[in-house]
Amino acid sequence: MSRQLTEMLKGTLEGIVLAILSGRPAHGYEITAWLRAQGFADIAEGTVYALLVRVERRGLVDVRKVPSEKGPPRKVYSLSARGRRDLDDFWKTWVFLAERLQRLRKGDK
């Protein structure tokens, strides 16, 4: 992954994960697998798990533990009401930035 892509991803990964969870509940490995399937092959599982800890602490996700056949119960994350508001803010900010970047790319000032 290029340095620029890595830096941009750092700034948007939280919004991306919240967007994934807006579709359905998931555990950390599922989120990582989805990201990799979308072309983010270099995403480390630890990066996603650390992010999930942060958004859980901030109340952006609800967590429930479900039994696992392979060991201890898994945490399944779903978007909380606060997380939905944060995701809405993320999309508004994304649209704002994308519009301005598109203008800049076209040479509009």
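Placed above this text is the structure.
Residue indices begin from 1 for each chain and proceed along its sequence in written order. The predicted origin of the model limits local features to residues at a pLDDT of at least 70 and limits the giving and counting of side-chain atom pairs to 80 or more, whereas totals for whole chains, interfaces and linings rest on all residues. Heavy atoms from the whole structure form the basis of all side-chain values; hydrogens and water molecules are not counted.

Would you explain the environment of Lys 10 in this entry?
A run of H or I in DSSP becomes a helix once it reaches four residues, and a run of E becomes a strand once it reaches two; helices and strands are each numbered from the N terminus. The topology assignment puts Lys 10 in helix α1 (residues 3-23). Spatially, the C-alpha atoms of Lys 10 and Leu 21 are 18 Å apart, while their sequence positions differ by 11 residues.

Would you mind going over the packing of α1 against helix α3 (residues 45-57) with me for this structure?
Two packed helices can be described by the angle between their axes and the distance between those axes. The angle between two axes is taken between their N-to-C directions and runs from 0 to 180 degrees, where each axis is a line fitted to C-alpha atoms and a helix contributes only its stretch in contact. Between α1 and α3, the least distance of the axes is 11 Å, while the angle of their chain directions is 80°. Classified by the angle between their axes, α1 and α3 sit roughly perpendicular to one another. For the pair formed by α1 and α3, the contact residues are Leu 13, Glu 14, Val 17 and Leu 21 on the first element and Thr 47, Leu 51, Leu 52 and Val 55 on the second. Residue polarity follows a fixed list, in which Ala, Val, Leu, Ile, Met, Phe, Trp, Tyr, Cys and Pro are nonpolar, Asp, Glu, Lys and Arg are charged, and the others, Gly among them, are polar. For the contact of α1 with α3, the per-class residue count stands at six nonpolar, one polar and one charged. Put simply, angles under 35 degrees are roughly parallel, angles over 145 are roughly antiparallel, angles from 65 to 115 are roughly perpendicular, and the rest are oblique. Any pair of residues with heavy atoms lying within 4.5 Å of one another is described as a contacting pair.

Could you clarify how one ought to interpret the packing of α1 against helix α4 (residues 81-106) in this entry?
For the pair α1 and α4, the least separation of the axes is 9 Å and the interaxial angle reads 125°. Considered as vectors, α1 and α4 are oriented oblique to each other. Between α1 and α4 lies a crossing whose hand is left-handed. Between α1, through Thr 12, Glu 14, Gly 15, Ile 16, Leu 18, Ala 19 and Ser 22, and α4, the contact on the second element is made entirely by Gly 83, Arg 84, Asp 86, Leu 87, Phe 90, Trp 91 and Trp 94. Its residues placed into classes, the contact of α1 with α4 shows seven nonpolar, four polar and three charged. By definition, any crossing whose near helix is turned counterclockwise from its far helix by less than a right angle is left-handed, and any crossing with a clockwise turn is right-handed.

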